[in-house]
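Coordinates in review
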Amino acid sequence: MAIVDYETEGLGPPILTVEEAFERSSFFEVPSYMYPAQVGDFSKGMSEADHKILSAEIRLGSQYFFYMETHSALAIPDEENCMVIYSSSQCPEYVQSIAAASALAAHKLRCPVRIYVNGKTDMIMAGGRHPMKITYSVGFKFNGKITALHLDILINTGAALDVGPILPGNILGSLKKYDWVALSFDIKLCKTNHCTKTAMRGPGEVNATFMAEAIIERVASTLSMEVYFIRTKNLHTYKSLNFFYKGNAGEPQEYTLPSIMDKLASTSSYEKRIEMTKEYNLCNKWQKKGNSRVPIIHQCSLKPSPAKVSILWDGSVAVETGGIELGQGLWSKVKQMTAYALSLILCDGTEDLLDEVRVIHADTLSLVQGGTTSASTTSESSCAAVRVCCDILVGRLAPLKETLQKQMGSVTWDDIILQVHSENVNLSASTYLVPDSDSMRYLNYGAAVSDGLLYKALVSLCPNSTLRIQMEWWLQRAHGHAQYQQSIFDNIPIQFNVEVLNSGHHKKRVLSSKASGKPPLLLAVSVHCATRAAIKDARKQLCSWGG
């Protein structure tokens, strides 16, 4: 039982909306280095426009977590006044602050203590996705080409800042998927008396993807044009892509979005689907269908990542990495990378090396800079760090292998490892890999077609090991769950097709890989767009009745 003594004297009324926060100037500051730069000349773009939409409004609500396992921490007293902590954290190096309560109790009671939050309390504490109010003005030509866009975005961050500073950059990263020519904005983090909002998959990026499509649809409606025509009209050229993403666009041949959109239109028979939907809607008064074909550009950023690879006496391999396995297959990829990189020693027996690799849980004493598992790029960062460690070990083993080959002819992996111990060779290598500035960021491209209960997705992402995960994320978001929860049998599409494109060799990527978590999540907006198209058709029919 706790007794809390508090006073309300001098306190003003609570701030419950972003409008109230704006009126009372209740904001959190965003560090200048985290606030994105404006793009182009907005005033010039608006002056060149034939049409203008001024001060239109979009409101985006929140979304709540509903994960299977709530937050927990187990503290076990160890020798020499130390404490061993097991925590459900995506950032091991922060574990001291996360698990402080359980560690204190364990220290006082001198026995293991586990603290966890029950589901109901967890739902109350976890603030969910950030609600937003967006006011925008957009200028465009008669032919649908947009010339300028300005947004005033009020973000409800709740009572504390949490991940708020990353939101402006994330929002702009997704908004820039279209060539607005000029893009200006004023983004404010509103401090309110709600529970603190926090990071939910694609923080800011999911919101921005919806904003972009809502604006495109409004322009199409104003001009009485098909939405897919306006989307295509405002896709980037390589020149505009480079202008908006400031050097992160890669080489011209890497910009595959236009070809992805064309291929998807062909493989999904998109034109035919549109005609079929029109015919269906004419024949059905009470049921309507809609179509959408939506592009995405997702800006990925690699983070520093630690790794340690150790070869044991029996030839097995132990791997430690800062990346946390969350069901995304990170450990499987790390194991595959380890087996591949060590097999470059080119001796017999390495074809079965994958079975000898074991990934062990991150230890903050072994890897003191664990990093954060987030942003869909931790798998490739971890694999890159592991590859560096393996290259170091192969370099140490190579001279001995050559010596043994001269003596024995054929050499196996076990022969090398057995002999290397008598040569006093260090069989453990560690690194803290910081990505080069020219390879730290890159762009991912994808597109999706949705109509009715039929879904097609075409994504320029990674191959088989992550394809299933892509689809699951896509499915969860595609049905517009209010909660961040698992899909179940009654909300899985009857038909769901995914094609992964081979975008060729990328020398700056880890084995030419790209992120495959958030990009397909953002494609789920196509389902919402298709639904809006169906609603638009229903309203058209209602108006024809004089309703």
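All chains use their own residue numbering, which begins from 1 and follows the written sequence. Two thresholds apply to this predicted model, a pLDDT of at least 70 for residue-level local features and 80 or more for giving and counting side-chain atom pairs, whereas whole-chain, interface and lining totals are computed over all residues. Side-chain numbers here rest on the full set of heavy atoms in the structure, without hydrogens or water.

Another point: unusual backbone geometry. In this structure, K246 takes a positive phi of about 45° despite not being glycine. The numbering of helices and of strands both runs from the N terminus, where a helix is a DSSP run of H or I of at least 4 residues and a strand a run of E of at least 2. Mapped onto the secondary structure, K246 falls in the loop between α9 (238-245) and α10 (257-267). Looking at K246, the relative accessible area reads 57%, which means it is exposed. Backbone geometry places L346, a non-glycine residue, at a positive phi of 60°. The buried label goes to any residue with under 20% of its type's maximum accessible area, the exposed label to any with over 50%, and the partly exposed label to all in between, with areas taken from a 1.4 Å probe on protein chains only.

Residues grouped as a nonpolar core are buried Ala, Val, Leu, Ile, Met, Phe, Trp, Tyr and Cys residues, joined through side-chain atoms within 4.5 Å. The biggest cluster of nonpolar side chains holds 60 residues, and the ones touching the most others in it are L151 and W180. With 10 residues, the top contributor of residues to this core is helix α7 (residues 205-223). Pairs of residues are marked as contacts when any of their non-hydrogen atoms sit within 4.5 Å. When neighbours within four sequence positions are excluded, W180 is seen to be in contact with I146, T147, A148, L149, L175, A212, I215, I216 and F244.

Attention now goes to the side chain of S268. Tracing the backbone through its elements, the reader meets S268 in the loop between α10 and α11 (270-283). Given a relative accessible area of 1%, S268 falls into the buried group. Under this definition, polar contacts are N or O atom pairs within 3.5 Å; protein pairs additionally need one hydrogen-donor-capable and one acceptor-capable atom, and for neighbouring residues in sequence, both atoms have to be side-chain atoms. Within the structure, the side chain of S268 is placed 2.6 Å from the backbone oxygen of L264, a separation counted as a polar contact.

This brings us to the environment of A220. Along the chain, A220 falls in helix α7. Note on A220: relative accessible area 0%, which makes it buried. In this structure, the C-alpha to C-alpha distance between A220 and K191, residues 29 residues apart in sequence, is 35 Å.

Given a rise of 1.5 Å per residue, 14 residues ought to cover 20 Å, and the 20 Å separating the end C-alpha atoms of α11 matches this to within 8%. Among all positions of α11, only Y270, R273, I274, T277 and N281 are buried. What you see down the axis of α11 is that its buried residues fit within an arc of 100°, all on one side. Within α11, the exposed residues directed more than 90 degrees away from the buried face are K272, M276, E279, L282 and C283. To estimate how far a helix should reach, multiply one less than its number of residues by 1.5 Å. Summarising the geometry, the arc corresponds to the directions from the helix axis toward the C-beta atoms.

In terms of burial, strand β10 (residues 291-301) is a largely internal element, 9 of the 11 residues being buried. Should DSSP find at least two bridges between two strands, the strands are taken to pair. Bridge count between β10 and strand β15 (residues 441-451): 11 bridges; the pairing is antiparallel. Looking across to β15, one finds that Q299 is bridged to L443.

Attention now goes to the sheet that holds strand β11 (residues 305-311). Spatially, the 4 strands line up as an open sheet ordered β13-β12-β11-β14, and their pairing is mixed. With one partner strand each, in any of the chains shown, β13 (357-359) and β14 (428-433) form the two edges of the open sheet. Neighbour-to-neighbour, the strand axes of the sheet open up by a mean angle of 15°, direction not taken into account. Inspection of the sheet shows β11 paired to β14 by 6 bridges, in the antiparallel sense. Axis lines are fitted to C-alpha atoms, over the contacting stretch for helices. Their N-to-C directions set the angle, which ranges from 0 to 180 degrees.

This paragraph deals with the packing of aromatic side chains. Pairing of aromatic rings covers Phe, Tyr and the six-membered ring of Trp, with a centre-to-centre limit of 6.5 Å; geometry is then stacked below 30 degrees between planes, edge-to-face above 60, and tilted otherwise. In this structure the tally under the stated criterion is 7 aromatic pairs. A centroid spacing of 5.8 Å and a plane angle of 80° characterise the contact between F243 and F244, whose relative ring orientation is edge-to-face. What makes F244 buried here is its relative accessible area of 1%. By definition here, charges over rings are those cases where NZ of Lys or CZ of Arg is within 6 Å of the ring centre and within 35 degrees of the ring normal. Lying over the aromatic face of F27, K188 brings its terminal NZ or CZ to 5.2 Å of the ring centre.

This brings us to the pattern of salt bridges. Any Lys or Arg side-chain nitrogen found within 4 Å of a carboxyl oxygen on Asp or Glu counts as a salt bridge. Going through the model one piece at a time under the given rule, you end up with 12 salt bridges. The partner of E213 in a salt bridge is R231, and the shortest N-O contact between them spans 2.6 Å. Placement of E213 in helix α7 and of R231 in helix α8 (residues 227-233) is noted, with a sequence separation of 18 residues between them. Here E213 falls in the buried class, since its relative accessible area comes to 0%. The salt bridge partner of E217 is R231, with a shortest N-O separation of 3.4 Å. Of this pair, E217 sits in helix α7 while R231 sits in helix α8, placing them 14 residues apart in sequence. Just as E217 is buried, R231 falls in that class too.

What the second largest pocket holds in volume is close to 970 Å³. Forming the boundary of the second largest pocket are 35 residues, of which V227, R532, A533, K536 and D537 lie nearest the centre. In terms of residue count, the dominant contributor to the lining of the second largest pocket is helix α17 (residues 525-544) (10 residues). Looking at the lining of the second largest pocket residue by residue, the classes come out as 13 nonpolar, 9 polar and 13 charged. Using a 1 Å grid laid over the protein atoms alone, points where a 1.4 Å probe fits but cannot get out form a cavity; open sets with protein on both sides within 12 Å along at least 5 of 7 lines form a pocket; any residue with an atom within 4 Å of a point counts as lining. Grid points are joined across faces, edges and corners, and a volume is the space filled by probe spheres set on the points. Residues are sorted three ways: Asp, Glu, Lys and Arg are charged, Ala, Val, Leu, Ile, Met, Phe, Trp, Tyr, Cys and Pro are nonpolar, and all the rest, Gly among them, are polar.

Without other data, these values stay purely geometric and don't point to any function.
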